[in-house]
Amino acid sequence: MPSTPAYAAPAAGKPLAPFSVERRDPGPRDVEIDILFCGICHTDIHQVRDEWGGSTFPMVPGHEIVGRVRQVGKEVTRLDIGDLVGVGCMVDSCRACEPCRHGTEQFCEQGVAWTYGSTLMDRKTVTQGGYSSRIVVDQKFVLQVPAGLDPAGAAPLLCAGITTYSPLRQWGAKRGDRVGVVGLGGLGHMALKLAAAMGAEVTVLSTSRAKEADARRLGAAGFEVTGDDAAFRKMAGRLDLMIDTVSAPHDYNRYLGLLRPHGTMVLVGVPPEPAPVAAGALIGGNRRLAGSLIGGIAETQAMLDFCAQHRIVADVEVIPIQQVNQAYERMLKGDVRFRFAIDMASLKQG
Ligand code: NAP
Ligand code: ZN
Ligand code: ZN
């Protein structure tokens, strides 16, 4: 197969630059996809900068992929040429272990094959992600994007969408619940839209006063600026559930005080450094601190169907790939409403 145009980081913290990846010829159960759009997740920035350790280079990031099926293997029955499809954070798993059999492939006991910066299940073939023209993925890890969803806005659903939908479902967010969303970025704005669609009364907790009007437009009933101690006094003991999407270090103890007794704070943001948690912040009120990692394949399809039913996509700023390095800088300054989606047609321009 001819090599596929892409953008890669050549080494930790270095700017992304044109690159080419070799994609395999599609096997019997494979789907070859022409990528239309790929969202930029903050995880791409953490990984390119090797902030969590263990990144490998050259790295083609990108795990919020939407595209059209170009070719299918002969055993592929679910999908056809021309279908609008998505690929998220995973491209394979063992399929036999208990987590795989129970639809939580992200916890595969053999180690899941991540879409980039990982290896396939042969543990040899390095995976490269969606900042590229094409990708070949086993049909089990290819999602159907329902009709009616804008392809650019749907791309971020494949990570930001499922990562926030899953904990809202796990912790049973429902009509009338008071849900807090900490950080109004890519994940945060999806958490807000999804929780509001589930009927919850959502309060956004943000460092940026300037985001209030957007938060209210997206369905927030309340908005508090976290630099302000009065906000923590006002909100103390009020929330049933909190989804913390913040990518940088912050004091979890302050936020735990916002939960009502038996309330739960779920961490989805992954700051590079650990942060101390005081036992008393949990013990007072039997509060719970939890974490959540993306979501399984079946749940991702359920999320896409829920989004189609409620007409939810991400708010995206579409950029050509040539602007990816500036986009990273802008994300670090909080200067995006609320997700960048790379238009892969721009790769043809070199
Ligand atoms: P993002 O778009 O950059 O949003 C992060 C938000 O955090 C910002 O918009 C900002 O919101 C807030 N923030 C940033 N710096 C802050 C600081 N110093 N103090 C307080 N708040 C700050 O990032 P994202 O793509 O949503 O990703 C968020 C995090 O989730 C990343 O760490 C990413 O790696 C992680 N993630 C986890 C999973 C998972 O499976 N658990 C999946 C995907 C991503 P305000 O301006 O509103 O304060
Ligand atoms: Zn992501
Ligand atoms: Zn497994």
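Parameters at a glance
- Residues numbered from 1 in each chain as written.
- Chains lettered and ligands numbered in written order.
- Predicted model: local features only at pLDDT ≥ 70, side-chain atom pairs only at ≥ 80, totals over all residues.
- Heavy atoms only, no water.
- Helix = DSSP H or I, 4+ residues; strand = E, 2+ residues; numbered from the N terminus.
- Rg over C-alpha atoms; globule rule 2.2 N^0.38 Å.
- Contact = heavy atoms within 4.5 Å.
- Lys, Arg positive; Asp, Glu negative; His and termini not counted.
- Charge placed at Lys NZ, Arg CZ, Asp CG, Glu CD.
- Axes fitted to C-alpha atoms, helices over the stretch in contact; angles between N-to-C directions.
- Parallel < 35°, antiparallel > 145°, perpendicular 65-115°, else oblique.
- Left-handed = near helix turned anticlockwise from the far one by under 90°.
- Domains from an automatic or database assignment.
- Buried area = accessible area lost by both parts, 1.4 Å probe.
- Salt bridge = Lys/Arg side-chain N within 4 Å of Asp/Glu carboxyl O.
- Donors = N, O, S within 2.8 Å, 3.2 Å for Na, K, Ca; no water.
- Tetrahedral: all angles 85-135°; square planar, octahedral: opposite > 155°, others 65-115°.
- Buried < 20%, exposed > 50% of the residue type's maximum accessible area, 1.4 Å probe, protein only.
- Near = heavy atom within 4 Å.
- Polar contact = N/O pair within 3.5 Å; in protein donor to acceptor, adjacent residues only side chain to side chain.
- Areas by Shrake-Rupley, 256 points an atom, 1.4 Å probe, with all protein chains shown as cover.
- Nonpolar A, V, L, I, M, F, W, Y, C, P; charged D, E, K, R; others polar.
- Pairing = 2+ DSSP bridges.

A few points about the overall build of the chain
Here's step 1: Scanning the chain for helices and strands turns up eleven helices and 17 strands.
Here's step 2: Against the globule reference of 20 Å for 350 residues, the chain gives a C-alpha radius of gyration of 20 Å, in line with a compact fold.
Here's step 3: Seen through its C-alpha atoms, the chain measures out along the principal axes to roughly 60 × 40 × 35 Å.
Here's step 4: Taking the intrachain contacts of the chain between residues at least 6 apart in sequence as the baseline, contacts between residues at least 24 apart amount to 67%.
Here's step 5: Averaging the coordinates of the 37 positive side-chain charges in the chain and doing the same for the 37 negative ones gives two points 4 Å apart.

Here's the deal with the packing of helix α4 (residues 160-170) against helix α5 (residues 186-197)
Packed helices, taken two at a time, are described by the angle between their axes plus the distance between the axes.
Here's step 1: In the contact formed by α4 and α5, the axes pass within 8 Å of each other and the chain directions differ by 50°. Taken together, α4 and α5 sit at an angle that is classed as oblique. Where α4 crosses over α5, the two elements pack in a sense that is right-handed. Every residue of α5 that contacts α4 at A160, G161, T163, T164, Y165 and L168 is listed here: G186, L187, M190, A191, L194 and A195.

A few points about the domain arrangement of the chain
Here's step 1: Here the chain is described as being made up of domain 1 (4-159 + 313-349) and domain 2 (161-291).
Here's step 2: Put simply, the middle of domain 1 and the middle of domain 2, counted by C-alpha atoms, are 27 Å apart.
Here's step 3: Counting from both sides, the interface comprises 15 residues of domain 1 and, opposite them, 18 residues of domain 2.
Here's step 4: Both sides together, the interface formed by domain 1 and domain 2 hides about 1400 Å², and carbon and sulfur atoms give 55% of it.
Here's step 5: A per-residue breakdown of the area domain 1 buries against domain 2 is headed by C159, R337 and F338, which together make up 41% of the total.
Here's step 6: Seen at the junction of domain 1 and domain 2, the total is three salt bridges.
Here's step 7: As a salt-bridge pair, K193 and D315 come within 2.5 Å of each other at their nearest N and O atoms.

Some words on the coordination of the zinc ion (ligand 3)
Here's step 1: Ligation of the zinc ion (ligand 3) by protein atoms is provided by C94 (SG), C97 (SG), C100 (SG) and C108 (SG), these donors lying 2.3 to 2.4 Å from the ion.
Here's step 2: Each of the four donor atoms bound to the zinc ion (ligand 3) contributes to angles spanning 104 to 121°, and the resulting shape is tetrahedral.
Here's step 3: Motif for the zinc ion (ligand 3), donor spacing along one chain: C-x2-C-x2-C-x7-C. Neither C100 nor C108 differs from the other in exposure class; each is buried.

Description of the site of ligand 1
Here's step 1: For ligand 1, the set of nearby residues contains 27 residues, the closest of which are H42, S206, T207, S208 and R339.
Here's step 2: T43 is positioned such that a nitrogen or oxygen atom in its side chain is 2.8 Å from an oxygen atom of ligand 1.
Here's step 3: A distance of 3.0 Å separates a nitrogen atom of ligand 1 from a polar backbone atom of V268.
Here's step 4: Within the complex, the protein chains bury 87% of what would otherwise be the 930 Å² of accessible surface of ligand 1.
Here's step 5: Put simply, the parts of the chain that give the shell around ligand 1 at least two residues each are α1 (42-48) and α5.
Here's step 6: Here the element with the most residues in the shell around ligand 1 is α1; it accounts for three residues.
Here's step 7: In terms of residue class, the shell around ligand 1 is built from eleven nonpolar, 14 polar and two charged.
Here's step 8: Two domains each donate at least three residues to the shell around ligand 1, and these are domain 1 (4-159 + 313-349) and domain 2 (161-291).

Structural notes on the sheet that holds strand β14 (residues 259-267)
Here's step 1: An order of β12-β11-β10-β13-β14-β15 is seen for the six strands of this open sheet, with the pairing classed as parallel. Every other strand in the sheet has two partners, leaving β12 (222-225) and β15 (288-291) as the edge strands with one partner each. On average, each strand axis in the sheet is tilted by 20° relative to the strand beside it, whichever way the strands run.
Here's step 2: Bridge analysis of strand β13 (residues 239-244) against β14 gives five bridges, and the strand direction is parallel. Within β14, the position partnered with M242 by the bridge is M265.

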